[in-house]
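Working through the structure, step by step
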Amino acid sequence: PIFHKGFIFGEYSYGNALGTKVFGVPILIGINWCILVFITGFIADTFFHNFWQKILLGIFLMISLDLVMEPVAPVLDFWTFKSGLATFQNYLGWSLVSFPLHFLYQKLSPKISGPFPFHLFILQFLFFTILLIKINSFDTYGLLEAVEEVNNQVREDRDWEHMVGRAVLEDE
């Protein structure tokens, strides 16, 4: 797999579940970031009037959602961190990327009305939380170990294919 070695989020690789990729990044990742900024920015708007408090709450809400997404993402083949788990660097990266996006959101102050952003945030949070609970409840049956074994085999197969491909290119 292509491991993104960025200093922002750490070393990770996207799976195939999120669809078409551009430069190794699924298009849905960008779309999801936009949606998350809009819904968390809107929620922050309803709780605070202070510009900086809105930005901080927006960042906090995004990181809260990421905390429940990260353990589920490898199982759903969204992405996998090379170390297996998301590190502190990932959450720091979310803060660093979220800050200018929320700053821009608050400066542009888009007019969104209705409860939809709340509903979408709650649904995403519940979706990943329920999956996380379900996955952890299966752990007693050893299914997480089985999933991890399959993920490791896939990684080894991809590494092997990459090495074979490199060897073929070098021979030509």
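My aim in this report is to walk through the structure given alongside it, one point at a time. (Residues numbered from 1 in each chain as written. Predicted model: local features only at pLDDT ≥ 70, side-chain atom pairs only at ≥ 80, totals over all residues. Heavy atoms only, no water.)

What follows concerns the overall build of the protein chain. Regarding its fold elements, the protein chain presents five helices and five strands. Mapped from its N terminus to its C terminus, the protein chain presents α and β elements in the order β-β-β-β-α-α-β-α-α-α. Here the protein chain holds 172 residues, and the buried ones make up 34% of them. Of the contacts made within the protein chain by residues no fewer than 6 positions apart, 71% connect residues no fewer than 24 positions apart. Counting every atom, the protein chain has about 10800 Å² of accessible surface; 70% of that belongs to carbon and sulfur. (Helix = DSSP H or I, 4+ residues; strand = E, 2+ residues; numbered from the N terminus. Buried < 20%, exposed > 50% of the residue type's maximum accessible area, 1.4 Å probe, protein only. Contact = heavy atoms within 4.5 Å. Areas by Shrake-Rupley, 256 points an atom, 1.4 Å probe, with all protein chains shown as cover.)

So, about the environment of Phe42. Note that Phe42 resides in helix α1 (residues 27-47). Here Phe42 falls in the buried class, since its relative accessible area comes to 9%. Linking Phe42 and Pro115, residues 73 residues apart in sequence, is a C-alpha distance of 9.7 Å. Excluding anything up to four places from it in sequence, Phe42 contacts Tyr105, Ile112, Ser113, Gly114, Pro117 and Phe118.

Looking now at the nonpolar core. By size, the foremost hydrophobic cluster in this structure holds 33 residues, and its most contacted members are Trp79 and Trp94. The set of elements that each furnish at least two residues to this core consists of β2 (12-14), α1, α2 (51-69), β5 (79-81), α3 (88-108) and α4 (116-138). Among the elements that line this core, the one with the most residues is α2, at nine residues. (Core = buried A, V, L, I, M, F, W, Y, C linked by side-chain atoms within 4.5 Å.)

With that settled, the discussion passes to the pattern of salt bridges. Tallied over the full model, the rule gives two salt bridges. For Glu11, the salt bridge identified is with Lys82, shortest N-O distance 3.7 Å. In this pair, Glu11 sits in the loop between β1 (3-4) and β2 while Lys82 sits in the loop between β5 and α3, placing the two residues 71 residues apart along the sequence. For Glu11, a relative accessible area of 32% gives the class partly exposed. Between Lys54 and Asp45 there is a salt bridge, with its nearest N and O atoms 3.4 Å apart. Given a relative accessible area of 15%, Lys54 falls into the buried group. (Salt bridge = Lys/Arg side-chain N within 4 Å of Asp/Glu carboxyl O.)

It is worth spelling out the packing of α1 against α2 at this point. Where α1 meets α2, the axes come as close as 8 Å, and the angle between the chain directions of the two elements is 130°. Classified by the angle their axes make, α1 and α2 are oblique. At the point where α1 passes α2, the crossing takes the right-handed sense. Across the interface between the two elements, Trp33, Leu36, Val37, Thr40, Ile43, Ala44, Asp45 and Phe47 from α1 touch Lys54, Leu57, Gly58, Leu61, Met62 and Leu65 from α2. Classifying every residue of the contact of α1 with α2 gives ten nonpolar, two polar and two charged. (Axes fitted to C-alpha atoms, helices over the stretch in contact; angles between N-to-C directions. Parallel < 35°, antiparallel > 145°, perpendicular 65-115°, else oblique. Left-handed = near helix turned anticlockwise from the far one by under 90°. Nonpolar A, V, L, I, M, F, W, Y, C, P; charged D, E, K, R; others polar.)

What follows concerns the environment of Asp66. With respect to the helices and strands, Asp66 occurs in helix α2. Residue classification places Asp66 among the buried positions, given a relative accessible area of 0%. Taking C-alpha positions, Asp66 is 9.3 Å from Phe128, a pair spaced 62 residues apart along the chain. Those residues in contact with Asp66 that lie beyond four places of it in its chain are Asn90, Tyr91 and Trp94.

Right, let's get into α1. Compared with an ideal rise of 1.5 Å per residue, which puts 21 residues at 30 Å, α1 spans 31 Å between its outermost C-alpha atoms and is within 8% of the ideal. Every buried residue of α1 is accounted for by Ile29, Trp33, Leu36, Val37, Ile39, Thr40, Gly41, Phe42, Ile43 and Ala44. (Expected span 1.5 Å × (residues − 1).)

Quick look at the side chain of Glu70 now. You can see Glu70 is positioned in the loop between α2 and β5. For Glu70, a relative accessible area of 7% translates into the label buried. At a separation of 3.1 Å, a polar atom in the side chain of Glu70 contacts the side chain of Asn90. When neighbours within four sequence positions are excluded, Glu70 is seen to be in contact with Trp79, Phe81, Ala86, Asn90, Tyr91 and Trp94. (Polar contact = N/O pair within 3.5 Å; in protein donor to acceptor, adjacent residues only side chain to side chain.)

No statement about biological role is implied by the geometric values presented.
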